[in-house]
Amino acid sequence: MKDYFATLARYNVWATRKLFEHLDALTEDEYRRDVGLFFKSVHRTLNHLLVGEHLLWYPRFAEGVSPKRALDEEVETDRARLRAQLIEGALRWTPLIASLDQARMQGTLNYTSTKGVPMSLPFAPTLGHVFNHGTHHRGQITAAITAMGHACPELDLVWMLQAEAKS
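Values in this document were obtained by computation on a predicted structure and should not be read as measured data.

Colleague: I'm lost on the nonpolar core in this one. Help?
Modeller: Across soluble globular proteins, you tend to see nonpolar side chains buried next to one another. Judged by nonpolar contacts, the single largest core of 18 residues is most densely connected at Phe5, Trp57, Phe61, Trp93, Phe123, Leu127 and Phe131. Where this core is concerned, the elements lending two or more residues are helix H1 (2-23), helix H3 (42-62), helix H4 (79-99), strand E1 (108-112) and helix H6 (123-147). In terms of residue count, the dominant contributor to this core is H6 (5 residues). If we ignore the near neighbours within four places in the chain, the residues touching phenylalanine 131 are Phe5, Leu8, Ala9, Asn12, Trp93, Ile97 and Arg138. Membership of the second largest hydrophobic core comes to 16 residues, among which are Leu19, Leu37, Leu46 and Ile141.

Colleague: Just to check I follow, could you spell out the pairing of E1 for this structure?
Modeller: Taken residue by residue, a regular strand's side chains alternate between the two faces of the sheet. Of the two faces of E1, the one holding Leu109 and Tyr111 is buried and the one holding Thr108, Asn110 and Thr112 is not buried anywhere. As paired strands, E1 and strand E2 (residues 118-122) are joined by 5 bridges and run antiparallel to one another. Each residue of the ladder has a partner; that of tyrosine 111, found in E2, is methionine 119. As consecutive antiparallel partners, E1 and E2 are separated by 5 residues, and within that stretch glycine 116 has a phi angle of approximately 85°, a positive value.

Colleague: Please explain the environment of arginine 69 as it appears in this structure.
Modeller: Along the chain, the position of arginine 69 falls in the loop between H3 and H4. Residue classification places arginine 69 among the partly exposed residues on the basis of a relative accessible area of 29%. Setting aside residues up to four positions removed in sequence, arginine 69 forms contacts with Val51, Leu55, Leu56, Val75 and Thr114. A polar contact is formed between the side chain of arginine 69 and the side chain of glutamate 73, at a distance of 2.7 Å.

Colleague: I would appreciate a short explanation of the pattern of salt bridges in the present structure.
Modeller: Should the charged atoms of two oppositely charged side chains come close, the side chains can pair. Scanning the entire structure with this criterion turns up 9 salt bridges. We note a salt bridge from lysine 18 to glutamate 21, for which the minimum N-O separation is 4.0 Å. On the criterion of helical spacing, the pair formed by lysine 18 and glutamate 21 is a turn pair, its members being 3 residues apart in helix H1. On the basis of relative accessible area, lysine 18 is assigned to the partly exposed category, the value being 28%. Put simply, glutamate 28 and arginine 32 hold a salt bridge, and the shortest N to O gap is 2.5 Å. One end of the pair is glutamate 28 and the other is arginine 32, both in helix H2 (residues 28-32) and 4 residues apart, which spans about a single turn. On the accessibility criterion, arginine 32 (33% relative accessible area) is partly exposed.

Colleague: What's the story with the side chain of glutamate 53 in this structure? I'm lost.
Modeller: Relative to the elements of secondary structure, glutamate 53 occurs in helix H3. Among buried charged residues, glutamate 53 stands out as having no salt bridge; its nearest opposite-charge side chain is arginine 138, 4.7 Å away. One polar contact links glutamate 53 to histidine 54, side chain to side chain, over a distance of 3.5 Å. Those residues in contact with glutamate 53 that lie beyond four places of it in its chain are Asn12, Tyr58, Trp93, Val130, His133 and Gly134.

Colleague: Can you help me understand the packing of aromatic side chains in this one?
Modeller: Given two aromatic rings, their pairing is described by the distance between the two centres and the angle made by the two planes. A complete count under the given rule lists 9 aromatic pairs for this structure. Between phenylalanine 38 and phenylalanine 39 the ring centres are 4.9 Å apart and the planes differ by 75°, which places this aromatic pair in the edge-to-face class. Taking the ring centre of tyrosine 31 as reference, the NZ or CZ of arginine 79 above it sits at 4.2 Å. Above the face of the tyrosine 58 ring, arginine 92 is positioned so that its terminal group lies 3.8 Å from the ring centre.

What counts, and where the lines are drawn
Per chain, residue numbering runs from 1 following the sequence as it is written. Note on the predicted model: pLDDT of at least 70 is required for a residue's local features to be given, and 80 or more for side-chain atom pairs to be given and counted; whole-chain, interface and lining totals, by contrast, use all residues. Calculation of side-chain values draws on the structure's entire complement of heavy atoms; hydrogens and water are dropped beforehand. In plain words, nonpolar cores are sets of buried Ala, Val, Leu, Ile, Met, Phe, Trp, Tyr and Cys residues tied together by side-chain atoms within 4.5 Å. Here the term buried applies to any residue with accessible area under 20% of the maximum for its type, exposed to any over 50%, and partly exposed to those in between, with areas from a 1.4 Å probe on protein chains only. Only DSSP runs of H or I reaching four residues or more are called helices, and only runs of E reaching two or more are called strands; each is numbered from the N terminus. Only heavy atoms matter for contacts: two residues are in contact if any of them lie within 4.5 Å across the pair. The pairing criterion is simple: DSSP has to find at least two bridges between the two strands. The term polar contact refers here to a pair of N or O atoms within 3.5 Å; inside protein, the definition further demands a hydrogen-donor-capable atom paired with an acceptor-capable atom, and it admits residues adjacent in sequence only when both atoms are side-chain atoms. We define a salt bridge as a contact between a side-chain nitrogen of Lys or Arg and a carboxyl oxygen of Asp or Glu at a distance within 4 Å. Only four residue types enter the tally: Lys and Arg on the positive side, Asp and Glu on the negative side, with His and both chain ends excluded. A pair of aromatic rings is counted whenever rings of Phe, Tyr or Trp (Trp by its six-membered ring) have centres within 6.5 Å, and the orientation is called stacked for planes under 30 degrees apart, edge-to-face for over 60 and tilted otherwise. Charge-over-ring contacts are defined here by two conditions on Lys NZ or Arg CZ: a distance within 6 Å of the ring centre and an angle within 35 degrees of the ring normal.

None of this, on its own, says anything about what the molecule does.
So, in structure tokens, the structure goes:
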């Protein structure tokens, strides 16, 4: 199970970098305008990923703390800094997963939700949620950039696995 999550963590880094290779082609207006995503724009959806994956879930798993954050909070206004923070955040998951033992993976994650509700969920499936969540929102973003007339990246996990097999 730990190997699987290590693969998902590598994929998260790879897919985040690939996505940004294509986001660089967006004008500032395209990047920030409401394109009908749940969090409206590409920029706000990326901010949601920063909040969700790195400012909420990572501290819950790594430190056992539950920061208070709004899911639609704009943490970073600057496009380049947001990119850097998302890539840096994605890189932190690999060593965390490497540090987890079997007992922890089979245990529970206790945290407080963004609505202040105490939660206790199975650790491994909840960790899986973090990576699934990122995939979900990257998919929304790729659909939006395609609708804008830009090329979108191939972000399927098998593309990463094929690239790794070649190297």
